[in-house]
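# Coordinates in review
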Amino acid sequence: MRVVLLCLTLVLLSCDGGDIDKVKPGMTQQQVIEIMGNPDEVFPASRMGNDGTVESITLWQYGSNQGLIWKDGQVQEVIPDLDALMRELQNAP
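These remarks concern the structure in this document. Nothing here was measured: the structure is a model prediction, and the numbers come from that model. (Residues numbered from 1 in each chain as written. Predicted model: local features only at pLDDT ≥ 70, side-chain atom pairs only at ≥ 80, totals over all residues. Heavy atoms only, no water.)

## What to know about the pairing of strand S3 (residues 66–71)
Inclusion rule: Each residue's exposure class comes from its accessible area (1.4 Å probe, protein chains only) as a fraction of the maximum for that residue type: buried when under 20%, exposed when over 50%, partly exposed otherwise. For helices the rule is a DSSP run of H or I covering at least 4 residues; for strands it is a run of E covering at least 2, with both sets numbered from the N terminus onward. Any two strands with at least two DSSP-identified bridges between them are counted as paired.
Extensive coverage of S3 is indicated by the burial of 5 of its 6 residues. From the end of strand S2 (residues 54–62) to the start of S3, which pair antiparallel, there are 3 residues, and Gly63 there has a positive phi angle of about 60°. Connecting the antiparallel pair S3 and strand S4 (residues 74–79) is a turn made up of 2 residues, with Asp72 showing a positive phi of about 55°.

## Describing the pattern of salt bridges
Applied cut-off: Salt bridges are defined by distance alone: a side-chain nitrogen of Lys or Arg within 4 Å of a carboxyl oxygen of Asp or Glu.
Applying the stated rule across the entire model yields 4 salt bridges. For the salt bridge of Lys71 with Glu55, the shortest nitrogen-to-oxygen distance reads 3.3 Å. Taken together, the residues Lys71 in strand S3 and Glu55 in strand S2 connect sequence positions 16 residues apart. Among the charged side chains, a salt-bridge network with shared partners connects Arg47, Glu55, Lys71, Asp72 and Glu77.

## Considerations on the nonpolar core
Operational definition: Only buried Ala, Val, Leu, Ile, Met, Phe, Trp, Tyr and Cys residues count toward a nonpolar core, and they belong to the same one when joined by side-chain atoms within 4.5 Å. Note on definitions: a residue-residue contact is assigned when non-hydrogen atoms from the two residues lie within 4.5 Å.
Core analysis: the biggest nonpolar cluster contains 10 residues, these being Ile20, Val23, Met27, Val32, Met36, Trp60, Tyr62, Leu68, Trp70 and Val75. Looking at this core, the elements with two or more residues in it are helix H2 (29–36), S2 and S3. Those residues in contact with Ile20 that lie beyond four places of it in its chain are Met36, Gln66, Gly67, Leu68, Val78, Ile79 and Pro80. Grouped together as the second largest cluster of nonpolar side chains are 5 residues, Ile57, Ile69, Ile79 and Leu82 included.

This is the structure in structure tokens:
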């Protein structure tokens, strides 16, 4: 029974869309789709830019816990652990 569960777990893990560690800032959408496949969810958003203006960004979510932030058609940030980012934001002063 343990062997069956271990095999099932390995199969499910191998079904992941891709390796987010291979995605780097500056990559285009086509490059990312070749590595990761299409995102599971897409969220339009905005954030405060370094100069104080509001920037339009897009979050591509993969699975339940990985994401990419896009701006102007390029990856701006790779987020391997969305849960950790959310905890960090909630604890920020």
